[in-house]
Amino acid sequence: MVKEFDYYGIDGDTFFSIIDNMYDEVIVYDANYNIVFLNQACKRHYSTSPEAMIGKSFFDFVDIDWWSPSILPVVYKEKKAMAIRQKTYTQTELLTIAVPLFDEHNNIKYVVMNVRDEINEADLYNPQYIVQETILDEKQKPVSKSKEMKKVMKLVKKVSKIDATCIITGESGTGKSMIAKHMHRLGLRSDQSFINVNCASIPNELFESEFFGYVKGAFTGAKSTGKKGLLELADNGILLLDEISELSLSAQAKLLTVLQDKEYMPVGASKTVKIDVKIIAATNKNLKNMVDIGTFREDLYYRINVIEIYIPPLRKRREDILQLVHSFMNQFNNKYGLTRQLSSSVLQVLLEHEWKGNVRELRHLIERLVVTVDSLVIDVNHLPKNVFGIIDQTREEENLSFDEKLIKYEAYIVQSAYKKYNSSRKLAVHLSISQTRANNLIKKHIKGTSNN
Ligand SMILES: Nc1ncnc2c1ncn2[C@@H]1O[C@H](COP(=O)(O)OP(=O)(O)OP(=O)(O)O)[C@@H](O)[C@H]1O
Ligand SMILES: [Mg+2]
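Residues numbered from 1 in each chain as written. Chains lettered and ligands numbered in written order. Predicted model: local features only at pLDDT ≥ 70, side-chain atom pairs only at ≥ 80, totals over all residues.

Visitor: Help me understand the packing of helix α18 (residues 424-431) against helix α19 (residues 435-447) in this model?
Guide: Packed helices, taken two at a time, are described by the angle their axes make and the gap between the axes. Viewed as axis vectors pointing N to C, α18 and α19 meet at an angle of 110°, and their least axial separation amounts to 8 Å. The angle between α18 and α19 places the two elements in the roughly perpendicular class. Crossing angle aside, the handedness with which α18 passes α19 is right-handed. Together, S424, R425, L427, A428 and L431 of α18 and Q435, A438, N439 and I442 of α19 make up the contact between the two elements. By residue class, the composition of the contact of α18 with α19 is five nonpolar, three polar and one charged. (Axes fitted to C-alpha atoms, helices over the stretch in contact; angles between N-to-C directions. Helix = DSSP H or I, 4+ residues; strand = E, 2+ residues; numbered from the N terminus. Parallel < 35°, antiparallel > 145°, perpendicular 65-115°, else oblique. Left-handed = near helix turned anticlockwise from the far one by under 90°. Contact = placed C-beta atoms within 7 Å. Nonpolar A, V, L, I, M, F, W, Y, C, P; charged D, E, K, R; others polar.)

Visitor: Before we go on, may I ask you to explain the site of ligand 1 in this structure?
Guide: Taken together, 17 residues surround ligand 1, and among them P142, G175, K176, S177 and M178 come closest. If you list the elements that add at least two residues to the shell around ligand 1, you get α7 (176-186) and α15 (358-372). Of the residues in the shell around ligand 1, the class split is six nonpolar, seven polar and four charged. Both of domain 2 (127-312) and domain 3 (316-447) provide at least three residues apiece to the shell around ligand 1. (Near = placed C-beta within 6 Å. Domains from an automatic or database assignment.)

Visitor: Quick question: what am I supposed to make of the sheet that holds strand β17 (residues 307-310) here?
Guide: Spatially, β10-β13-β16-β9-β17 is the arrangement adopted by the five strands of the open sheet, whose pairing is parallel. Two strands lie at the open edges of the sheet, namely β10 (194-198) and β17, each paired on one side alone. Within this sheet the neighbouring strands show an average axis-to-axis angle of 20°, counted without direction. In this sheet, strand β16 (residues 278-283) lies alongside strand β13 (residues 238-242) in parallel orientation, the contact comprising five bridges. Each residue of the ladder has a partner; that of L239, found in β16, is I279. (Pairing = 2+ DSSP bridges.)

Visitor: Sorry, what's going on with the packing of helix α17 (residues 402-421) against α19 here?
Guide: The interhelical angle for the contact between α17 and α19, taken along N-to-C directions, is 95°, at an axis separation of 9 Å. In terms of their interaxial angle, α17 and α19 are classed as roughly perpendicular. Here E410, A411, V414, Q415 and Y418 of α17 lie close against α19, whose contacting residues are L441, I442, H445 and I446. Partitioned by chemical class, the residues of the contact of α17 with α19 number six nonpolar, two polar and one charged.

Visitor: Sorry, what's going on with the pairing of β10 here?
Guide: For a regular strand, side chains alternate in direction, first toward one face of the sheet and then toward the other. Within β10, four of the five residues are buried, which leaves it mostly tucked inside the rest of the structure. Relative to β13, β10 runs parallel, the two being bridged by five bridges. Paired with N198 across the two strands is D242, which belongs to β13. (Buried ≥ 20, exposed ≤ 12 C-beta atoms within 10 Å, placed from the backbone.)

Visitor: In this structure, what is going on with the confidence of the model for the protein? I would like to understand it.
Guide: When pLDDT drops low, the exact placement of atoms in the prediction is not to be read closely. Averaged over every residue, the pLDDT of the protein is 86; the share at 70 or more is 89%. Ignoring residues within four places in sequence, the model shows residues 127-137, a span with pLDDT below 50, making 18 contacts including any to other chains. (pLDDT = per-residue confidence, 0-100.)

Visitor: Any chance you could explain the environment of K278 here in plain terms?
Guide: Structurally, the position occupied by K278 is in strand β16. As for K278 and I238, which are separated by 40 residues in sequence, their C-alpha atoms are 4.7 Å apart. Leaving out residues up to four positions away in the same chain, K278 has contacts with D163, R189 and I238.

Visitor: How should helix α14 (residues 344-352) be read in this particular structure?
Guide: A turn of α-helix holds 3.6 residues, and therefore any two residues three or four places apart point the same way. Taken together, the buried positions of α14 are S345, V346, L350 and E352. Buried positions in α14, seen along its axis, are confined to an arc of 165° and lie on one side of it. Contacts made by the buried residues of α14 are with α13 (319-336), β18 (341-342), β19 (377-378) and α17. (Arc of directions from axis to C-beta.)

Visitor: How should I be thinking about the sheet that holds strand β4 (residues 35-38) in this particular structure?
Guide: The pairing of strands in a sheet comes from backbone hydrogen bonds and takes either a parallel or an antiparallel form. Pairing within the open sheet is antiparallel, and its six strands lie in the order β4-β3-β8-β7-β6-β5. A strand with exactly one partner marks an edge of an open sheet, and here the two such strands are β4 and β5 (67-68). Where strand β6 (residues 82-88) lies against strand β7 (residues 93-102), six bridges are found, and the strand directions are antiparallel. Note on β7: the bridge partner recorded for I84 is T96.

Visitor: How do you make sense of the environment of D379 when you look at a structure like this?
Guide: On the secondary structure map, D379 appears in the loop between β19 and α16 (390-396). Note: C-alpha distance between D379 and V346 (33 residues apart in sequence) is 5.7 Å. Residue contacts for D379: discarding those within four places in its chain leaves S343 and V346.

Visitor: Can you help me understand the nonpolar core in this one?
Guide: Side chains of a nonpolar character, in soluble globular proteins, are inclined to be buried together. One finds I168, L239, L240 and I280 to be the most contacted residues of the largest nonpolar core, which totals 43 residues. Not counting residues within four places of it along the chain, the set of residues in contact with I168 comprises K176, I179, A180, I280, A282, I309 and I311. Counting residues in hydrophobic clusters, the runner-up holds 20 residues, among them L314, L365, V370 and L383. (Core = buried A, V, L, I, M, F, W, Y, C linked by C-beta atoms within 7 Å.)

What follows is the structure in structure tokens.
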């Protein structure tokens, strides 16, 4: 009987397709120099198909100088993994890594090779540098129900109407990138470009060519057409320097010069180019501390810190949670064509949660629940138990009646809030209930003196 191929749920065809589509060439020889496997990447390296090479011998190709120098005979002899630089007859330069696989007698059974062509640094156009807007609710206004966020939005509105440089600060996931995008929409430059650069993804040595661009023939390996820099792409519009804290000190110095002079010199150019860009920086680090320890330039700090927009963490503006939950439920129900609803006990748990990952964590959770829960109503036992520890108890309590479960949750909510506030008045305010009701709940769940 033939054994079904099943690798962690992946069937043989899919597994084959994964290897066949790898960017690197994968070539496997048996113990006798015969090619037993080769993927599609060989088309790029030798201008021929895998079918034309599989089954043939290594010597069929070496004899006609298909590639050189050869490594396979050495691997068979030395019985160890090796790497070598080669050139093919199509003048492609390759880095080949050969790894022998052994049988139970320590004889070579196969040699697996990874063959990669070198990619020119200058041609490495990493789309991560410019973060494409993937935010689903791009067209939506940021939710701002709480007084803290209302204050933020008031400042955002003001700052978006002027050209002053500003910095958006706050913990990760609080909505800094979203606010920056919103500022673009509100502002004078809304019909111009908005370029979101993630500073963390730009290698230091590529800073100049990415930011300033280069003229044709600027350096060996440069694209023959030259390349536009991020500053040019953002000209007349807004450049968002996301995660600005991640720029190296030398990149910071170069950036400062541009901000001061409002001009820069593309790599290889003979004259400077003037620019008119509004800069918004964003960071979840404490830049002042970085200045103190010398990892962020003080002059750049003051240059970008003209206006600071601080977005408080979600746990400090709980009034936003409910509206965010509704907004995300709508979005994801629409996106997936579903009509899921949240039970009131789930809602209560979400309102109480710490949200260390802020709005992003909430958004991801809602998407996950909408997609993975099959019943119409999403209940507390659907919440991921690693995050919502309380749910563990629920699982054990599955045999409880609906009313008994409700009482358990009521107890949980009251006990955890009381732990924090330790006063019936504050508890009443926090839960938006009357003080009499708060007192009764405390009697019931904290002091255990109620009969209900
Ligand atoms: N006030 C809000 N209203 C609606 N959605 C929001 C709000 N704030 C954040 N979001 C959503 O939460 C997610 C995270 O927001 P965003 O990427 O802007 O956070 P960030 O502060 O830039 O995070 P990081 O520091 O990791 O870059 C996004 O999907 C965004 O749309
Ligand atoms: Mg961001």
